[in-house]
Structure formats: C-alpha cells, structure tokens
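Topology and contacts: notes
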Amino acid sequence: MKFFQRLGRSLMLPVAVLPVASIFSGLGYWIAGATGDPNNIIGAFLAAAGGALIDNIPLLFAIGVAIGMPKKADGVAALAGLTSWLTVTSLLKPETIMKFQGLSDVAQVDPAFSKVNNVFVALICGLIAAWSFEKFKDTELPDFLAFFSGKRSVAIISALLSLVAALVLMFVWPLVFGGLVAFGEWMLTLGPVGAGLYGFFNRLLIPLGLHHALNAVFWFDIAGVNDLNNFLAGQGTRGMTGQYMTGFFPVMMMGLPGAALAMYVTSKPEKKKATGGILIGAAFAAFLVGITEPLEFLFMFLAPGLYLIHAIFMGISMGVTAALPVRSGFGFSGGFIDLVLQWVNPLAMNPWAIFVMGAFWFVVYFLVFRFVILKWNLKTPGRGADEDDDEASDSTATGADKYILTADRFIEALGGKGNIDEVENCATRLRLSLNDVSLADEQALKAAGATGVMKPGGNLYQVIYGLNVQFVKDAMDGLMDGSIEPPARAEVESNAAAATVGGSEGSTAAPAATAVAEKTEYALVRMRQPLQGTIVQLENVPDSTFADRLLGGGVAIDPSGSQVVAPAAGVVSQAFPTGHAVALTLDDGAEVLIHVGLDTVKMNGEGFTVHVKNGDRVTAGQPLVDFDRSAIEAAGYKAITPVVILGHADSRIEFV
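Source: prediction; values computed, not measured.

1. Comments concerning the sheet that holds strand β8 (residues 563-565)
If you walk across this open sheet you meet the three strands as β8-β14-β12, and the pairing is antiparallel. With partners counted over all chains shown, the strands left at the sheet margins are β8 and β12 (608-610), one partner each. Averaged over all neighbouring strand pairs, the angle between strand axes comes to 15 degrees, with direction disregarded. Pairing between β12 and strand β14 (residues 623-627): three bridges, direction antiparallel. The partner of Val610 across the bridge, within β14, is Val625.

Below you can see the structure in the form of structure tokens.
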C-alpha cells in the first residue's frame, strides 16, 4: 500500500502539467478546423505548445516517478530517470532494432517497437532511477574512482540497469504487444459487444500505456477496420464507421467531470480549494478536448476500485452507442471541440444524442463515485495523502536536552533505529514508516511524551506530540544518523520528567503530554471566552485531530469577532509567527492551544497580526492575535477555532 501511495503521489507531478497542455492543443486544432487552414499561425502555435508536453507524456512520467519515489526528492534522481528513459527507448526504437536484427529496411521491424514510447516503459525507467538513487546515493568508491562516488554514481547505475531492462523488453515487448493486437482482432467479430469490450480494456490498459495497441487495431488500417481514418475521410460505411469512437464522447465530455465533482464534494473542507483547482482544470480538459489522463491519474492508483468502475462504465457507453444509430468521430480525442468539428461529417448520425447520454453519465458518475468514496473511505484527492498536510518549518533542532531525551525514548519505544524506515512531521505529529509496526510500544510512547498514536494501516504509524514536534523530529534524525550524541541511559531516566515540563528561560517550552502524570487532571477548566462567536462541540470540528481529541479536550468557536485574547493569566509558550495558533501555559498549569481556523498555517501569516511573542506574560483579556475571517474563507479554509487543553483528552472547557 505504501508503494502505491507513493507512486500515486509521484504521478501527480507530471499530471499537474497536462490540463493546460491539452487546452492549448485542443484550441489549436479548433482554430485550424474553423478556419480551414491547417497552417493557421495561431492554431499551429497553440497546437505546438500543447503538443510539446502531450507528445512527451511518457518522458514526464519517467522523470516524475524518478523524483517522487525516493524518500527525499532530489534532482539527481530526476537526471537518472531521464538517463534510463533515453537508454531504453533508444535501444528499442525501430532503427536500432533493425541493426540488431541485421535487417535491411526499418519496415521489416516488428511494429511493436514503434509503440515503445509509452507510460508502461516510463514507469519502469522511473522505478529503475528511484531504486538506483536510494541504493547508491551514498556509495563510496576507491580513491581512483572517487570522482564517481555518491550521487554521481546514480545515473551511471541507472544506465547500466536500463541496458538489462532494454534487453529483457527486446524479447518480451513484442509478445505483449502482439497478444494485445490479436485480442483486439478477435473482438472485431463481436459487434456492439466487441465495441463495449474494447472500451473496457482500452481504459484498463491506460495505466500501462498499452491501450495504443488496441487503438491501432480499431482506428487504423491494421486489421482492415480503419475506423478513425475512414470517418475523417467520409469514406466508410454509414451506421458502422465511428462505432469504435462514439462511446468515448459521453464519458469523456460529461461522465468524468461528474466524477471530478464527486471527488471535490467528498474532499476535506480544508483541502477543497487546492483540490478544486486541480479538478476543475482536469475536468475542463476532458470536456473540451477529451484529454482524460489528468483526471484518471488522480484516482487510478490511489483508488483502483474506482478506476475499475470507470472502465466498466466506458465499456457500457461504447456498447450502447455502437448499438444505437449514433455516430461521430474524432481526429484528436472525444471532446467537445472534435464533436463540433465533426458534426456535419457525412458519416455522423444523431450527434445531438451524445449530449443526452452525456448528461445521464454525469449523474451516474457523480452518484456512484460519491457513494463508493464515502462508503469505503477511499483516499481520493483531498481525502488522504497525509504528506500534503505537512507544515513547512524553518526551525532546526536546538540540541536542548528535553527534545533529545524525548527523541531517544521515542526511538526506543518504536523498536529502535533499525525499525524506523522514515520519519517526518507535520504541525503536531510524527509521521513514520516502520519496518514492523508490532514492535512499537504505545504505552512507552505515551510515557515518553506522546498524547496518542494513530495507525493508518500497513507500515505507517503516527505519534501525536504537540506544537514543538519539529524539534523532536530533528533530534530523532540526529540520533539516528549519529550527528547527535545519545544521552546516557541513567541521564535519560533521571531527567525524563524534567525534560517534559522544563525549559530554559526564553525557550519555547513544548506543551507535551509527559507533564500529564505530574499535573492535576483538568476535568473542567473555566476561562474567559478568547474569541467572540458561536460555541461548537469539538466532535463537530471537520478535522479528526481535534474532533478525536488527539491533542486534548475542549470546545471550538465559530468566530463572529476578529481578535483572540488571553482567556486567563499565564505565559505564552508558543506564538506562531504565522498567527494561526497560540499556546498559553495558564497560572494553574493548564496548557491551552487556540488554533485560529483549520489548515490556516498555509496562509503564511496573510490576514493575521500577532501581538505577543514566546515567553510573554499575559493577563486575561490581553490581545494575542488579530485575524481577518474573510481572508481565511477567501483562501478556502474554515475559520472555526478549536480551544483545547493540551494532553488531556477528557478535559472540558467552560467559558465564564
């Protein structure tokens, strides 16, 4: 699961550039068709701009996978991905194969090698590069080869491994391609059923880039069908020609945009703005020019069950349109522009019906996708991908004993350094990948300072700590790579309590849960309401960290005012410069976190004014932060403000 999640994240890199490329290309074709001049300078310019990326989609995927799969992104991995791609595709291109096989004419080369520039090969190249980077980026070579040590060796290793991959593909690829062509030729005998099967398998093969083999059979003159060329030339059989293209239109133009809407409405409220930006562009590209990959790659790896449903729907659409007297075709893809351009083609039949079927598929895709996403809690865009929530921080490990001691105890409770594969952090938690989750000791983690743990599944593990989790993470990194000296065990045991509650003067003391055992249990904390607004129960906050009381119990406020004030006398333990949150240690020892809005750290301080700094003494009613609710909502975030007692899940807050 972790591998496919990371692969899906990696594919988002190249997918993000496709919508604008497809729009440019589609507009170029439209202008050329509308003017009747294929050399129209504006149309040619736009078509070339879009084609520069669309024609090189496999290359983009090779680089995207290479840079996205390693634990830490690095340009060296991207270079290795490019190296692998160039090596494999150059060795397998028809001109090279002709020389290897001693042929006199490139036309004698197996046609499979003319289709080697596909996403399937790109994924292989990207994975080769990513693996080479992870394994050899720190390699030390003898002195006489020292120049090629470390990262300089990665591209070299990738090239060598690509030689092996090309050699294997030289024998395997023709078999795969030939099998697909034979399968397509058999489906020709099945009429509308065959068209439906073609649509189904066409979608299933897109993740591998092998759908071109089937397309070649049905669209071009390989098996005598030549559906696409005959339709464009108006020389086919009316009622027959176009049946292997028409069914794409309703799904591409309107079905998949319905799926995009379903993914948008089921995304987390705090992620709707970012998710919507991606989905709107991808849906527009699908409708206008029939470029669906930007949408399909958003869920085919993250939620493969949805992609299977999509393939089934495409098959049904292709079969139904082939059985009905509805025909159209395309020169580019099944989008609105091609539909309009081919509206008056002599072989077109009832093209208006495509809009009726499209409206039907829009509703079906929306309802089915929404139901399935919510029913099985699928991690479609805006719902999972915890790494997207990570909060950027410029802080570095201070070397303070409290963080080193906590980090050391966390490492031990997680099964030791050898059991920790990856460690990252966001605003309040450590996000880990463990080799063996069963070795993690939840009770020991809580005793060491964790307020709770979460187990997303597989080897993933999360440790909820508090606002200063960045310092603990940095200390863990230092302890594991040897740059920080581990404390003596006796020191750890004798100073553990002090590490959790203490801090030198002026430091940003962490509101960690380790102090819980030594403090009064704050069952009920009375304080002034820090912000005007309507009280909201914590469980109704649309953020599981607060709703599940992982940071502590309390309430939330839907603000009507614009200023946060101190709810009681105390000391500022953490005032974020971005203004999105402030933590106070009250005079009775309670640690209060006031988090203005959800995910508002991403606003980078825009719309916030901070009036205090770490270590300041404050009195009840003293201004802490001013904020602009309209700016928060305009940025796509919720202004709802949780107020929690850190480290005490059962605490209640009463405003007086």
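2. Structural notes on unusual backbone geometry
Excluding glycine, residues mostly have negative phi values, and the peptide bonds linking residues are mostly trans. Phi at Asn377 is positive, roughly 50 degrees, even though this residue is not glycine. Mapped onto the elements of the fold, Asn377 is located in the loop between α17 (353-375) and α18 (401-413). Given a relative accessible area of 40%, Asn377 falls into the partly exposed group. In this model, Asn604 sits at a positive phi of 55 degrees, which is unusual for a non-glycine residue. Of note, Asn604 is situated in the loop between β11 (591-595) and β12.

3. Details of the pattern of salt bridges
Counted under the stated rule, the structure contains nine salt bridges. Across the pair Asp587 and Arg617 runs a salt bridge whose closest N-O atoms are separated by 2.8 Å. Remark: Arg617 occurs in strand β13 (residues 617-618) and Asp587 occurs in the loop between β10 (581-586) and β11; sequence separation between them is 30 residues. In this structure, Glu633 engages Arg629 in a salt bridge whose closest nitrogen and oxygen atoms are separated by 2.8 Å. In this pair, Glu633 and Arg629 both sit in helix α23 (residues 629-634), four residues apart, roughly one turn of the helix.

4. Regarding helix α15 (residues 304-323)
Between its first and last C-alpha, α15 extends 29 Å over 20 residues, near the 28 Å set by a 1.5 Å rise per residue. Among the residues of α15, those classed as buried are Leu306, Tyr307, His310, Ala311, Phe313, Met314, Gly315, Ser317, Met318, Gly319, Thr321 and Ala322. Lining the buried residues of α15 we find α9 (192-204), α12 (248-265), α14 (293-299) and α17.

5. Describing the sheet that holds strand β3 (residues 452-457)
One open sheet accounts for four strands, arranged β1-β2-β4-β3; its pairing is antiparallel. A strand with exactly one partner marks an edge of an open sheet, and here the two such strands are β1 (420-425) and β3. Taken pair by pair, the neighbouring strands of this sheet meet at an average axis angle of 20 degrees, ignoring direction. Two strands pair when backbone bridges link them, and strand β2 (residues 429-434) and strand β4 (residues 460-464) are joined in this way by five bridges, in the antiparallel orientation. Residue pairing across strands places Leu430 opposite Val463, the latter belonging to β4. Strands in contact with helix α20 (residues 469-481) are β1 and β2; relative to β1, the strand with the most contacts, it is inclined by about 150 degrees.

6. Digging into the pairing of β11
Here is the key point about a regular strand: its side chains alternate between the two faces of the sheet. Burial runs high along β11: five of the five residues are buried. Neither face of β11 is left uncovered, since the one carrying Glu591, Leu593 and His595 and the one carrying Val592 and Ile594 both have all their residues buried. Relative to β11, β10 runs antiparallel, the two sharing five bridges. Bridging from a neighbouring strand, Ala581 pairs with His595 of β11. Where β10 folds back on β11, the antiparallel hairpin that results is connected by four residues, among which Gly589 adopts a positive phi of roughly 95 degrees. Sheet topology note: the β11/strand β15 (residues 641-646) ladder contains three bridges and is antiparallel. Counterpart to Ile594 in the pairing with β15 is Val643.

7. Some remarks on the packing of helix α5 (residues 75-92) against helix α7 (residues 119-136)
Running from amino to carboxyl end, α5 crosses α7 at an angle of 135 degrees, the nearest separation of the two axes being 8 Å. With respect to their mutual orientation, α5 and α7 come out oblique. As for how α5 packs across α7, the hand of that crossing is right-handed. Across the interface between the two elements, Val76, Ala77, Ala80, Gly81, Ser84, Trp85 and Val88 from α5 touch Val121, Ala122, Cys125, Ile128, Ala129 and Phe133 from α7. Classifying every residue of the contact of α5 with α7 gives eleven nonpolar, two polar and no charged.

8. Points about the packing of aromatic side chains
Summed over all chains, the structure comprises 22 aromatic pairs. With centroids separated by 5.9 Å and ring planes inclined at 70 degrees, the aromatic side chains of Trp131 and Phe136 adopt a geometry described as edge-to-face. Ring geometry for Phe313 against Trp361: centres 5.4 Å apart, planes inclined by 45 degrees, an arrangement best described as tilted. Linking Phe313 in helix α15 with Trp361 in helix α17, this pair joins segments that are 48 residues apart in sequence. Across the pair, Trp361 and Phe313 agree in class, each one buried. Ring-pair connections join several aromatic residues into one group, and the members of that group are Tyr198, Phe218, Trp219, Tyr244, Phe248, Phe249 and Phe330.

9. A look at the nonpolar core
Counting residues in each nonpolar core, the largest one holds 85 residues, and the members touching the most others are Leu92, Tyr198 and Leu295. Ranked by residue count, the leading element in this core is α12, at eleven residues. Apart from the residues lying within four places of it in its own chain, the contact partners of Tyr198 are Met187, Leu214, Asn215, Phe218, Trp219, Tyr244, Phe248 and Met318. In this structure, Met527, Val612, Val618 and Ala639 belong to the second largest nonpolar core, which totals 32 residues.

10. Quick notes on the side chain of Ser153
Relative to the helices and strands, Ser153 is located in helix α8 (residues 152-187). For Ser153, the residues in contact, after removing those within four places along its chain, are Phe136, Thr139 and Phe148.

11. Observations concerning the confidence of the model for the protein
Looking at the protein as a whole, its pLDDT mean stands at 81, while 85% of the residues score no less than 70. Under a pLDDT of 50 for its full length, residues 385-399 has, in the predicted model, 30 contacts with residues more than four places off or in other chains. Here residues 489-520 scores under 50 on pLDDT; set against residues more than four positions off or in separate chains, the count is 56 contacts.

12. Things to note about the environment of Met300
With respect to the helices and strands, the residue Met300 is situated in the loop between α14 and α15. What makes Met300 buried here is its relative accessible area of 5%. For the pair Met300 and Ile206, spaced 94 residues apart in the sequence, the C-alpha separation amounts to 9.5 Å. If we skip the residues at most four places from it in the chain, Met300 touches Ile206, Pro207 and Tyr307.

13. Examining α18
Over its 13 residues, α18 extends 18 Å from the first C-alpha to the last, a length consistent with the 18 Å expected when each residue adds 1.5 Å. α18 sits mainly inside the fold: eleven of its 13 residues count as buried. Of the positions making up α18, those classed as buried are Lys402, Tyr403, Ile404, Leu405, Thr406, Ala407, Asp408, Arg409, Phe410, Ile411 and Ala413. Once α18 finishes, Gly415 follows within two positions and takes phi at roughly 100 degrees, a positive value.

14. Things to note about the environment of Phe655
Secondary-structure assignment places Phe655 in strand β16 (residues 652-655). Those residues in contact with Phe655 that sit more than four places away from it in its chain are Met527, Arg528, Gln529, Pro530, Ile535, Val555 and Ile557.

The rules behind the values
Once a new chain begins, its residue numbering starts again from 1 and follows that chain's sequence as written. For a predicted model such as this one, the threshold for reporting local features is a pLDDT of at least 70, and the threshold for listing and counting side-chain atom pairs is 80 or more; totals across whole chains, interfaces and linings nevertheless cover every residue. Derived side-chain values reflect all non-hydrogen atoms in the structure, with water molecules and hydrogen atoms excluded from consideration. Pairing between strands requires that DSSP locate at least two bridges from one strand to the other. Helix numbering and strand numbering both begin at the N terminus, where a helix is a DSSP run of H or I of at least 4 residues and a strand a DSSP run of E of at least 2. Axis definition: a line fitted to C-alpha atoms, over the contacting stretch in the case of helices. Angles run 0 to 180 degrees between N-to-C directions. Burial classes follow relative accessibility: with a 1.4 Å probe on protein chains only, a residue under 20% of its type's maximum area counts as buried, one over 50% as exposed, and anything between as partly exposed. We define a salt bridge as a contact between a side-chain nitrogen of Lys or Arg and a carboxyl oxygen of Asp or Glu at a distance within 4 Å. In this analysis, the expected span of each helix is defined as 1.5 Å times one less than the number of residues it contains. Contact between two residues is taken to exist if any of their heavy atoms lie within 4.5 Å; hydrogens are not considered. With respect to orientation, any angle under 35 degrees is reported as roughly parallel, any angle over 145 as roughly antiparallel, any angle of 65 to 115 as roughly perpendicular, and every other angle as oblique. The sense of a crossing depends on the near helix, which, turned anticlockwise from the far helix by less than a right angle, makes the crossing left-handed and, turned clockwise, makes it right-handed. Amino acids are sorted into nonpolar (Ala, Val, Leu, Ile, Met, Phe, Trp, Tyr, Cys and Pro), charged (Asp, Glu, Lys and Arg) and polar (every other residue, Gly among them). We call Phe, Tyr and Trp rings a pair once their centres come within 6.5 Å, taking the six-membered ring for Trp, and we label the pair stacked below 30 degrees between planes, edge-to-face above 60, and tilted otherwise. Here the nonpolar core consists of buried residues drawn from Ala, Val, Leu, Ile, Met, Phe, Trp, Tyr and Cys, with membership extended through side-chain atoms lying within 4.5 Å. A residue's pLDDT is the confidence the predictor assigns to it, expressed on a 0 to 100 scale.

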